Amino acid sequence: MSLLPFRKTKEVAAPTVSPEMEAFLKDYSIEVMPRTAEKVEDFRELLPAGTRVYIAHIEGTPIEDMVATAKRLATDGYKVMPHFPARIIKDEATLADWIARYQGEADVDQALLLAGGVATPHGDYHSSMQLLESGLFGKAGFKRLHVAGHPEGNRDIDKDGSDKNVMDALRWKQRFADTSDAEMALATQFAFEAGPIIAWADALKDAGITIPVHIGIAGPAKLQTLIKFAIACGVGPSLKVLQKRAMDVTKLLLPYEPTEVLTQLAAHKAAHPDFNITNVHFFPLGGIKTNAAWAIANGGASAVPAAQS
């Protein structure tokens, strides 16, 4: 008989998932690039079945790589939504070719249309409205078309810091949505504070913009990484939030997680069911696996990977 009693192992309780968060994360989407997708052995181990996966088209990425990534994701059972950045599309023939490739090789029937981050257009297009006006997505039978939203404005569009041009464009897109057979949504840039997000979404509704909002949220990442992306993406007020966090020594070395902002948004949605933010769209700035792990830990049934469901 041992003189020293065995110590009982203390069980670590699994994190409690709130029903509000579980409901808010239902049908969340996530963004990948061909080069980041290559690092993932099996998306079905990370993402729920049927997750909408956006494929970001960065300038210089061959269309062949984009289509190959789309085909892989579609084969795994995911809803694929490639980016169509207007300013890197040379002409109508190129646009038609991209649509045909995605449709023919990966059975794609949805797209995110945006101007793109290129300052000087490569060809005939400079805005998502021109892509919509082309009529090519309708002719191809695309069922869902998303366009960009900017909770903190966009200095590239409104250089004076107002939201006049952004709102004019949204009113145009609302009129298009009202006459289109395609389902539409606003996929927004990422932001970090719930209060301003809620105020912006309410202001859209007051202005008659009824297109559903898929709110952009930065996934878990190092603070330095987030600051770098915030500067590159022109996320103004949110950059101040991150800089303030960086000044707190107790938080400087800790990775950022979107728990606080999503908890607040989820609570608001639960209290206001008609709130126009309907979905969460993740930017996995700290990596797809890290983002998926956070969703699995916090999303309950809404985040169970396909391989485990």
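Residues numbered from 1 in each chain as written. Predicted model: local features only at pLDDT ≥ 70, side-chain atom pairs only at ≥ 80, totals over all residues. Heavy atoms only, no water.

**Observations concerning unusual backbone geometry**
- Positive phi, close to 60°, is recorded for Asp 27, a residue that is not glycine.
- Mapped onto the fold, Asp 27 is located in the loop between helix 1 (19-24) and strand 1 (29-32).
- Backbone geometry places Asp 107, a non-glycine residue, at a positive phi of 55°.
- Overall, Asp 107 belongs to the exposed group, its relative accessible area being 65%. (Helix = DSSP H or I, 4+ residues; strand = E, 2+ residues; numbered from the N terminus. Buried < 20%, exposed > 50% of the residue type's maximum accessible area, 1.4 Å probe, protein only.)

**Let's talk about helix 7 (residues 164-179)**
- Taking 1.5 Å as the rise per residue, helix 7 with 16 residues should run 22 Å; its terminal C-alpha atoms sit 23 Å apart, in good agreement.
- Buried within helix 7 we find Val 166, Met 167, Ala 169, Leu 170, Lys 173, Gln 174 and Ala 177. Projected down its long axis, helix 7 carries its buried residues within an arc of 155°, all on one side. Counted as exposed and oriented over 90 degrees from the buried face of helix 7: Lys 164, Arg 175, Asp 178 and Thr 179.
- On its buried side, helix 7 packs onto helix 5 (128-133), strand 5 (144-149), strand 6 (183-190) and helix 8 (194-206). (Expected span 1.5 Å × (residues − 1). Arc of directions from axis to C-beta. Contact = heavy atoms within 4.5 Å.)

**Side note on the pattern of salt bridges**
- One pass over the full model with this rule turns up 7 salt bridges.
- The residue Lys 164 makes a salt bridge to Asp 168 at a minimum N-O spacing of 3.0 Å. Here Lys 164 and its partner Asp 168 are both found in helix 7, 4 residues apart, which amounts to about one turn of the helix.
- Residue class for Asp 168 comes out partly exposed when judged on its relative accessible area of 36%.
- As a salt-bridge pair, Lys 205 and Asp 274 come within 3.4 Å of each other at their nearest N and O atoms. With a gap of 69 residues between them, Lys 205 in helix 8 and Asp 274 in the loop between helix 12 (259-271) and strand 8 (277-283) connect regions that are remote in the sequence.
- Given the relative accessible area of 54%, Asp 274 is considered exposed.
- Salt bridges sharing partners connect three or more residues here, namely Glu 64, Asp 97 and Arg 101. (Salt bridge = Lys/Arg side-chain N within 4 Å of Asp/Glu carboxyl O.)

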